[in-house]
Amino acid sequence: MRHLQLTDELQEQASLYAVGALSERETADYVRHLETDQCEVCRAAAMELQGAASLLAYSVAPATPSPSVKARLMEQARQSVPAERPQPALRRPGWFEWVAGAVAVGALAALFLVVQDNRALRRREDELTSRISQLEVQLVQQRGLIATVTAPQNRVIDLAGQGTNVGARARIFWDQPGMNWVFFVRDLPQAPNGSVYQLWFVPKAGMPVSAKVFNTESNGLYQLDIPLPGGLNDLKAAAVTIEPEPGQLQPTCPFALLGAGE
Amino acid sequence: MTDDRRIEQEDHDLIRRMAARDVNALDAFYDKYRGLAFSLVLRIVGNHADAEDVTMDVFWQVWQQSQRYDSSRGKPAAWLITIARTRAIDCVRSISRQHTKMENVELQNGPAGASSEPEPFVVADIRQAVREALETLAENQKVPLELAYFEGMSHTEIATALGQPLGTVKDRIRTGMAHLRKRLKAYL
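Residues numbered from 1 in each chain as written. Chains lettered and ligands numbered in written order. Predicted model: local features only at pLDDT ≥ 70, side-chain atom pairs only at ≥ 80, totals over all residues. Heavy atoms only, no water.

Engineer: Teacher, can you tell me more about the packing of aromatic side chains here?
Structural biologist: One pass over the structure, following the stated rule, counts 12 aromatic pairs over all chains. Seen from their ring centres, Phe29 of chain B and Phe59 of chain B are 6.3 Å apart, and the 70 degrees between their planes marks the pair as edge-to-face. Here Phe29 of chain B is found in helix 2 (residues 23-45), whereas its partner Phe59 of chain B is found in helix 3 (residues 48-65), with 30 residues between them in sequence. The burial state of Phe29 of chain B is the same as that of Phe59 of chain B; both residues are buried. Centroid distance Tyr149 of chain B to Phe150 of chain B: 5.2 Å. Interplanar angle 90 degrees. Geometry classified as edge-to-face. In terms of burial, Tyr149 of chain B and Phe150 of chain B fall into one category: buried. Among the aromatic residues, those joined into a cluster by ring pairs are Phe183, Tyr197, Phe214 and Tyr222 of chain A. (Phe/Tyr/Trp six-rings, centres within 6.5 Å; stacked < 30°, edge-to-face > 60°. Helix = DSSP H or I, 4+ residues; strand = E, 2+ residues; numbered from the N terminus. Buried < 20%, exposed > 50% of the residue type's maximum accessible area, 1.4 Å probe, protein only.)

Engineer: Honestly, the confidence of the model for chain B in this entry has me stumped. Any pointers?
Structural biologist: Mean pLDDT for chain B: 86, with 85% of residues reaching 70 or above. Scored below 50 in pLDDT, residues 96-100 of chain B makes 4 contacts in the model with residues more than four places away or belonging to other chains. (pLDDT = per-residue confidence, 0-100. Contact = heavy atoms within 4.5 Å.)

Engineer: Just checking my understanding: could you explain the packing of helix 3 of chain B against helix 4 (residues 76-94) of chain B for this structure?
Structural biologist: When two helices pack together, you describe them by how their axes are tilted relative to each other and by the distance separating the axes. Residues and elements named next belong to chain B. One can describe the packing of helix 3 onto helix 4 by two numbers: an axis separation of 9 Å at closest approach and a directional angle of 135 degrees. Comparing their axes, helix 4 and helix 3 come out oblique. Both helix 3 and helix 4 take part in a crossing whose hand is right-handed. Packed against helix 3, whose contacting residues are Asp50, Val54, Asp57, Val58, Phe59, Gln61, Val62 and Gln65, the element helix 4 presents Trp79, Leu80, Ile83, Ala84, Arg87, Ala88 and Cys91 at the interface. (Axes fitted to C-alpha atoms, helices over the stretch in contact; angles between N-to-C directions. Parallel < 35°, antiparallel > 145°, perpendicular 65-115°, else oblique. Left-handed = near helix turned anticlockwise from the far one by under 90°.)

Engineer: Explain a nonpolar patch on the surface to me, please; I cannot follow it from the model alone.
Structural biologist: All names here are of chain A. On the surface, Leu108, Leu111 and Val115 cluster together to form a nonpolar patch covering roughly 280 Å² of accessible area. Checked against the element boundaries, Leu108 lands in helix 5 (residues 95-149). Classification of Leu108 as exposed rests on a relative accessible area of 58%. (Patch = residues over 30% accessible without salt bridge, like charges linked within 9 Å, V, L, I, M, F, W, Y side chains within 5 Å. Areas by Shrake-Rupley, 256 points an atom, 1.4 Å probe, with all protein chains shown as cover. Salt bridge = Lys/Arg side-chain N within 4 Å of Asp/Glu carboxyl O.)

Engineer: Got a minute to help me understand the side chain of Gln198 of chain A in this structure?
Structural biologist: Residue and element names in this part refer to chain A. In this fold, Gln198 is placed in strand 4 (residues 195-203). With a relative accessible area of 1%, Gln198 lands in the buried category. At 2.9 Å, the side chain of Gln198 and the side chain of Ser210 are in polar contact. Here Gln248 takes part through its backbone oxygen, which lies 2.8 Å from a polar atom of the side chain of Gln198. Excluding its chain neighbours within four sequence positions, the residues that come into contact with Gln198 are Ser210, Lys212, Val213, Phe214, Ala239, Val240, Thr241, Glu243, Gly247 and Gln248. (Polar contact = N/O pair within 3.5 Å; in protein donor to acceptor, adjacent residues only side chain to side chain.)

Engineer: Can you help me understand the environment of His33 of chain A in this one?
Structural biologist: All names here are of chain A. You can see His33 is positioned in helix 2 (residues 24-35). Classification of His33 as buried rests on a relative accessible area of 11%. In the structure, His33 is positioned 10 residues away from Arg43 in sequence and 8.9 Å away in space, judged by C-alpha atoms. Residue contacts for His33: discarding those within four places in its chain leaves Met1, His3, Gln38, Cys39 and Cys42.

Engineer: In this structure, what is going on with the interface of chain B and chain A? I would like to understand it.
Structural biologist: When the parts come together, some accessible area is lost, and that loss is often what is quoted as the size of the interface. Residue-level contacts link 60 residues of chain B with 44 residues of chain A. Carbon and sulfur atoms supply 66% of the area that chain B and chain A bury against each other, a total of about 5200 Å² over both sides. Where chain B meets chain A, there are 6 salt bridges. We note a salt bridge from Asp31 of chain B to Lys70 of chain A, for which the minimum N-O separation is 2.9 Å. The interface formed by chain B and chain A includes 11 residue pairs in polar contact (both at pLDDT 80 or more). Of all elements in the fold, only helix 2, helix 3, helix 4, helix 5 (121-135), helix 6 (139-151) and helix 8 (166-183) of chain B reach the threshold of two or more residues within the side of chain B that touches chain A. Split by residue class, the side of chain B that touches chain A holds 30 nonpolar, 11 polar and 19 charged. (Buried area = accessible area lost by both parts, 1.4 Å probe. Nonpolar A, V, L, I, M, F, W, Y, C, P; charged D, E, K, R; others polar.)

Engineer: Please explain the pattern of salt bridges as it appears in this structure.
Structural biologist: Side chains that differ in charge, positive against negative, can pair when their charged atoms come close. Taken as a whole and assessed by the stated rule, the structure comprises 18 salt bridges over all chains. For Arg181 of chain B, the salt bridge is made with Glu48 of chain A, and the minimal N-O distance between the two is 3.3 Å. Residue Arg181 of chain B is found in helix 8, and its partner Glu48 of chain A is found in helix 3 (residues 40-54); the two belong to separate chains. The salt bridge involving Arg6 of chain B is made with Glu10 of chain B; its shortest N-O contact spans 2.9 Å. Taken as a pair, Arg6 of chain B and Glu10 of chain B lie in helix 1 (residues 3-19) at a separation of 4 residues, close to a single helical turn. You can call Arg6 of chain B partly exposed: its relative accessible area is 35%. Counted as one network, the salt bridges with shared partners bring together Lys70 of chain A together with Asp27, Asp31 and Arg34 of chain B.

Now the structure itself:
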């Protein structure tokens, strides 16, 4: 058991231990407490008090042993130290040393390759980590999008392809309370060079209002999340026209997609 | 660096070298502390022949255990003194021959080499400080301390020898040690 603070009782025990006043059994128990329990409180107290007790040795009359004590001690110590082995003369390495050397070189080469592989793996790991982060962001965006398009308050406007774009389709998820459109396009070929597609809000009264200039991807897809301008929630239709770059203030060209708003 | 810290650092170096089996380090360590160790051992065992045998055993133990010395447990000198006291007490307990314990070691006329040699100033300084600290200690605290430390008596044996309650003896040892620790803090 480790103690949390030094009480008088613990101080007493440490003092008795330091001056050697504990019985043999008490000393063994105390040493076990210090070493096995690793009680820092008692260890610190015991160490300091043993230091103080050891100073009692300076209170006795000084005396010196005879030189024979040192002579016996040093003789015994020298005999306990193994003699140094003579260095062998340099000789040509035998086949064993050659094999050992080759194995060592091979091990170093293998280690070098492992280190290189490690670096490549770490680069790949970094790339994958970055890609995962991007995908996680996209996932969050897609989930948000799904929540938006499936909201119960949404109206749906389907747009049909017009003229040469009869195969194209578009759908608008109209969040009327939130005044927001989520606009999906499919199978609409990319606009010809020098032209762009333009999405229009077509109000019941007044002129069409430009929502967005865009171009589809090479696979004919396009996606847009756009708020409605203030005061423009009463719409008659939604339309996409093909306009000269960079787009127009009002529709000038034929419709590519058209859908009724009510 | 103070003298005391310099000495402690030198001692740590000597023990490190002894751990590496450098007999010259043992030689130096012995020369440095033979007086202190032998004086204590002689005080406890009471005769030169046994004291010299025990002193040799003490330094032999230091040599053998130098690799296990843990500086976090205390200074090298304190470690040596603890070994010296323990071996001296063991010698007294195991001895079967009857030797007359000297009451006053300073009056002893023994074999050549028994007289003390001049001490380094630091040792003399510590010796003076310890004596002064003991002089300020109450007699009823000093006696149990000395009986425990120099005679190897347990608290129960001291209580019996002095005819005092065990609790009183324990408390006086505790307060006596607290007093010594406070007075000699600079040397710890």
